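# Chains, contacts and geometry: an overview
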Amino acid sequence: MNGPVRIGVLGCADIAVRRMLPAFAASPGLEVAAVASRDRARAEQVGRRFGCRPVQGYAELLRADDVQAVYVPLPAALHAPWVEAALNSGKHVLAEKPLTTDPESTERLLDLAAKQGVALMENVMFVHHPRHEAVRRLVAEGRIGELRSFRAEFAIPPLADDDIRYSAELGGGALADVGLYPLRAALHFLGHGLDVVGARLTRGAGRQVETAGAALLATPGGVTAHLTFGMEHAYLSRYELWGSEGRITVDRAFTPPADLVPVIGLHRGTETEEIRLEPADQVAATVAAFVTAVSARSAPRADTLRQAVLLDDVRRRST
């Protein structure tokens with residue numbers, strides 16, 4: 001592909017305007033071509049800000065010949081139909097997480113992308129931050145001995161009552177919105193052999209969807225993963241790997257700002273070592289990974305599919 005990838009955005013969601021469009025505009029591998037909204041005025045407002053063409057309606061953007069890729073930040077329940085439409089239009093797709101609301105749809109779309117010869121990538125950004133690869137190296141080097149367990153928590157404060165994440169019809173709920181992070185982290189460190197042992201989802205008073213949950217997973221070798229998540233809590237974002245000889249702790253794990261100095265805590269006996277890394281922008285790293293996937297006309301699929309299966313298993317185990 002000659003020159004930068006021309007990308008269009010389906011919708012003017014907060015995450016698109018606040019985080020992704022600035023990262024697209026700053027990427028040497030991308031050019032923001034168009035932004036679509038059902039509201040023409042909203043598309044024009046965002047288009048002026050990012051110097052791109054406003055389009056009324058998502059289908060109209062997908063018909064544009066000068067758009068090679070699209071970003072889909074719509075509510076979760078709308079991902080499957082619009083990702084499918086984009087793939088059938090021959091566009092590469094970066095879709096907000098979760099890619100779909102069930103593993104069957106996720107697999108079908110991944111298969112369709114492969115058939116069309118285009119990249120389909122789920123926007124799980126924290127896995128592209130170099131701190132987590134540094135943690136992997138510490139474990140592989142035996143710095144905490146044999147791994148015994150993994151623990152992760154991610155929770156956010158209450159949202160506005162009309163937030164789409166409280167809407168069952170739009171695919172909301174704590175599991176897919178925040179629970180995905182600790183579950184994906186468990187996959188990242190413990191691998192695809194994880195299975196769900198037990199789970200519990202709870203619903204806050206007056207809510208249509210679950211607002212908190214916990215899950216216990218385990219590998220075939222007996223390493224356990226204890227996950228806790230919620231969206232009516234004090235903010236918390238961390239994980240810990242516990243081994244036979246020590247522990248690794250990571251705070252502000254899933255949504256660190258680009259200027260944060262990442263710290264890894266290495267605890268052995270009574271001693272604690274703080275390993276400080278250079279600041280890294282995980283949004284920019286994600287965008288770069290998408291550009292690479294577009295160039296290859298494919299994106300890694302195994303983690304996305306296994307994550308979808310495990311999210312579904314957590315939900316099933318909790319009922």
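I will try to describe carefully the structure that is included in this document. (Residues numbered from 1 in each chain as written. Predicted model: local features only at pLDDT ≥ 70, side-chain atom pairs only at ≥ 80, totals over all residues. Heavy atoms only, no water.)

Ordered in space as E8-E9-E10-E7-E11-E12-E13-E14, the 8 strands form an open sheet in which the pairing is mixed. Across the chains shown, the open sheet's two edge strands, defined by having one partner strand only, are strand E8 (195-202) and strand E14 (271-276). The average angle at which neighbouring strand axes cross in this sheet is 10°, direction not considered. Pairing of strand E13 (residues 263-268) with E14, which is carried by 6 bridges, proceeds in the antiparallel orientation. If you follow Gly-265 over to E14, its bridge partner there is Glu-274. Against the sheet, helix H6 (residues 130-140) makes contact with strand E11 (236-243), strand E12 (247-251), E13 and E14, and its axis sits at roughly 175° relative to E12, the strand it touches most. (Pairing = 2+ DSSP bridges. Helix = DSSP H or I, 4+ residues; strand = E, 2+ residues; numbered from the N terminus. Axes fitted to C-alpha atoms, helices over the stretch in contact; angles between N-to-C directions. Contact = heavy atoms within 4.5 Å.)

Summed over all chains, the structure comprises 12 aromatic pairs. Relative to Phe-254, the ring of Tyr-181 lies with its centre 5.9 Å away and its plane at 50°, an arrangement referred to as tilted. Of the two residues, Tyr-181 is situated in helix H7 (residues 174-190) and Phe-254 in the loop between E12 and E13; the sequence distance between them amounts to 73 residues. When sorted by exposure, Tyr-181 lands in the same class as Phe-254, which is buried. Both rings, one in Tyr-239 and one in Phe-254, keep their centres 6.3 Å apart while their planes meet at 40°; by these two values the pair is tilted. With Tyr-239 in strand E11 and Phe-254 in the loop between E12 and E13, this residue pair connects regions lying 15 residues apart in the sequence. Classification of Tyr-239 by relative accessible area gives buried; the value is 2%. Take Phe-254: its relative accessible area is 0%, and that puts it in the buried class. (Phe/Tyr/Trp six-rings, centres within 6.5 Å; stacked < 30°, edge-to-face > 60°. Buried < 20%, exposed > 50% of the residue type's maximum accessible area, 1.4 Å probe, protein only.)

A few words now on the pattern of salt bridges. All told, the structure shown has 27 salt bridges when counted by the stated rule. Here Arg-148 makes a salt bridge to Glu-146, at a shortest N to O gap of 3.1 Å. Its relative accessible area of 44% is what places Arg-148 among the partly exposed residues. Its salt-bridge partner being Asp-177, residue Arg-165 comes within 3.6 Å of it at the nearest N-O pair. Taken together, the positions of Arg-165 in the loop between strand E7 (147-155) and H7 and Asp-177 in helix H7 put the pair 12 residues apart, joining distant regions of the chain. The class of Asp-177 is buried, set by a relative accessible area of 15%. Salt bridges sharing partners connect three or more residues here, namely Arg-151, Glu-153, Arg-238, Glu-240 and Arg-247. (Salt bridge = Lys/Arg side-chain N within 4 Å of Asp/Glu carboxyl O.)

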